[in-house]
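Each chain, letter by letter, is given below.
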Amino acid sequence: MADEAHSGGGLEFHPMDQFIVKPLFGEIGDPVHMYTITNVTLWLALAVLATIGLLVLTTSKRAVVPSRGQSVAELAYGFVYKMVEDVTGKDGIKYFPYIMTLFIFILCANFLGLIPMAFTTTSHIAVTAVMGFGVFFAVTILGFVKNGVSFLSLFWVSSAPLALRPILALIELISYFVRPVSHSIRLAGNMMAGHAVLKVFAGFAQVTGGMALIIVPVSILGVVAVYALEVLVSFIQAYVFTILTCVYLKDALHPHH
Amino acid sequence: MADTTNAAGEVALGAPPGMPQLDIGTFDNQVFWLLITLVVIYFVLSRVALPRIAAILAERQGTITNDIAAAEDLKAKAHDAEAAYDKALADARAEAQRISAETKATIQADLNVAIAKADAEIAARTAESEKAIAEIREGAMEAVAEVAKDTAMEIVAVMGGKADQSTIDTAVSDRMKG
């Protein structure tokens, strides 16, 4: 896509530049150490502030008749709480704060990333993989702690014919280990692709020359359309990540089919 | 995709080639800050936000339950009040009827007494009148007797007879009785 732009309008635009991790204070080329304050740090901190703004400040009045902000906070709470309760059952409720943390963080990071010029932390595989594998290891350890060796019955589909069970067990085992990968790449891939496409359309919108009269309005329309889609995707991906976490948690709590 | 982004990446000023997502050199930085972020959010949620929202929701549920109970209570009270009102109305009506009947009875009694008194008075007056009439009649008879005696004496004297007073009295009395 970038090459087309190069040949077509004689423009240079770099849809992936928005994802570059760079020190907040200093030049792009400066080294990024573990503790360096980068644009990642800034936007993660903003996600924390957004979380506090969304769930803490709005509820400070503790009104019985909620304000608009408090309604949103209660809605988010009820949404995730019901999801955890529906998917994992009553005994999954005690893991609700962890799942709420994931949901709110992903939601805030996704929506903050939609602000023009923003850095989208959830578009980075390093970020989503930490969460994906974190969920994977937590759920696996929890499964063994809660059920002992019988947790392995998750892979032994007792409702299938006996001859098929070993094959199914192999498939189940593979799918189990693929989970964290798909879990994290799904989120990062969605966010990255959407933002890259936005940038591509935005690049086309600055085309000059003969075709500009057609290309520019179409690309602006494209930006608007993709942006609307991204708003939807931002929420849906947060939802998908959260509900999959709940499903994995349910497997750990009730491994028997 | 990798090729095109590669081309784009290389144009960027000193930026690492390829997808920035695959630049392993920034991973430790991202992971470090992400873990801090998640821990902070977890503590903000589990210590402040979630208990508070749970308390708000519980309080609202309680308020709603209480309000419904209070409404039921008030409804029952209204029902009772209506019953009491009806009862009071019926009582008042009965009382009014009683009072009216009593008053009627009292008036009737008073009337009876007054009538009786009036009757007695009328009877007394009648008796008195009759007595007076009788007296008058008596007086009239006496006067008639006297006149008759005097007349008889005068007639006898005119006839030239000498009449004894007692004889004439007896004769007149006899005639009058007779």
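A brief report on the enclosed structure follows. Computed from a predicted model, the values in this text were never measured in an experiment. (Residues numbered from 1 in each chain as written. Chains lettered and ligands numbered in written order. Predicted model: local features only at pLDDT ≥ 70, side-chain atom pairs only at ≥ 80, totals over all residues. Heavy atoms only, no water.)

## Regarding the overall build of chain B
Here is step 1 of the chain: When its secondary structure is counted, chain B shows three helices and zero strands.
Here is step 2 of the chain: Mapped in sequence order, the helices and strands of chain B form the string α-α-α.
Here is step 3 of the chain: The buried share of chain B, taken over its 178 residues, is 18%. (Helix = DSSP H or I, 4+ residues; strand = E, 2+ residues; numbered from the N terminus. Buried < 20%, exposed > 50% of the residue type's maximum accessible area, 1.4 Å probe, protein only.)

## Points about the pattern of salt bridges
All names here are of chain B.
Here is step 1 of the chain: Tallying each qualifying case throughout the model produces eight salt bridges over all chains.
Here is step 2 of the chain: Its salt-bridge partner being Lys87, residue Asp91 comes within 3.5 Å of it at the nearest N-O pair. With Asp91 and Lys87 both in helix α2 (residues 27-158), this residue pair falls four residues apart, about one helical turn.
Here is step 3 of the chain: The partner of Arg98 in a salt bridge is Glu95, and the shortest N-O contact between them spans 2.9 Å. Of this pair, Arg98 and Glu95 both sit in helix α2, separated by three residues, roughly a single helical turn.
Here is step 4 of the chain: On the basis of relative accessible area, Arg98 is assigned to the partly exposed category, the value being 40%.
Here is step 5 of the chain: Accessibility expressed as a relative area gives 36% for Glu95, which makes it partly exposed. (Salt bridge = Lys/Arg side-chain N within 4 Å of Asp/Glu carboxyl O.)

## Description of the state of the cysteines
Here is step 1 of the chain: All chains considered together, the criterion is met by zero disulfides over all chains.
Here is step 2 of the chain: Summary of cysteine pairing: A:Cys108 is not part of a disulfide, and the nearest cysteine sulfur, belonging to A:Cys246, is at 17 Å. (Disulfide = S-S within 2.5 Å.)

## Looking at a nonpolar patch on the surface
Here is step 1 of the chain: A cluster of nonpolar side chains, A:Phe79, A:Phe111, A:Tyr227, A:Leu229, A:Val231, A:Leu232, A:Phe235, A:Ile236 and A:Tyr239, forms an exposed patch at the surface whose accessible area comes to about 720 Å².
Here is step 2 of the chain: In terms of residues, the nonpolar patch owes the most to one element, helix α7 (residues 212-253) of chain A, which gives seven residues. (Patch = residues over 30% accessible without salt bridge, like charges linked within 9 Å, V, L, I, M, F, W, Y side chains within 5 Å. Areas by Shrake-Rupley, 256 points an atom, 1.4 Å probe, with all protein chains shown as cover.)

## With respect to the packing of aromatic side chains
Here is step 1 of the chain: Following the criterion strictly, the structure yields 20 aromatic pairs over all chains and no others.
Here is step 2 of the chain: A centroid spacing of 5.0 Å and a plane angle of 70 degrees characterise the contact between B:Phe32 and B:Trp33, whose relative ring orientation is edge-to-face.
Here is step 3 of the chain: Grouped by ring-pair contacts, the aromatic residues A:Phe133, A:Phe136, A:Phe137, A:Phe144, A:Phe151, A:Phe155, A:Tyr176 and A:Phe177 constitute a single cluster. (Phe/Tyr/Trp six-rings, centres within 6.5 Å; stacked < 30°, edge-to-face > 60°.)

## Re α2(B)
Here is step 1 of the chain: Compared with the 196 Å implied by 1.5 Å per residue over 132 residues, the 184 Å span of α2(B) between its first and last C-alpha is a close match.
Here is step 2 of the chain: Backbone geometry just downstream of α2(B) places B:Gly160 in the positive-phi region, at approximately 90 degrees. (Expected span 1.5 Å × (residues − 1).)

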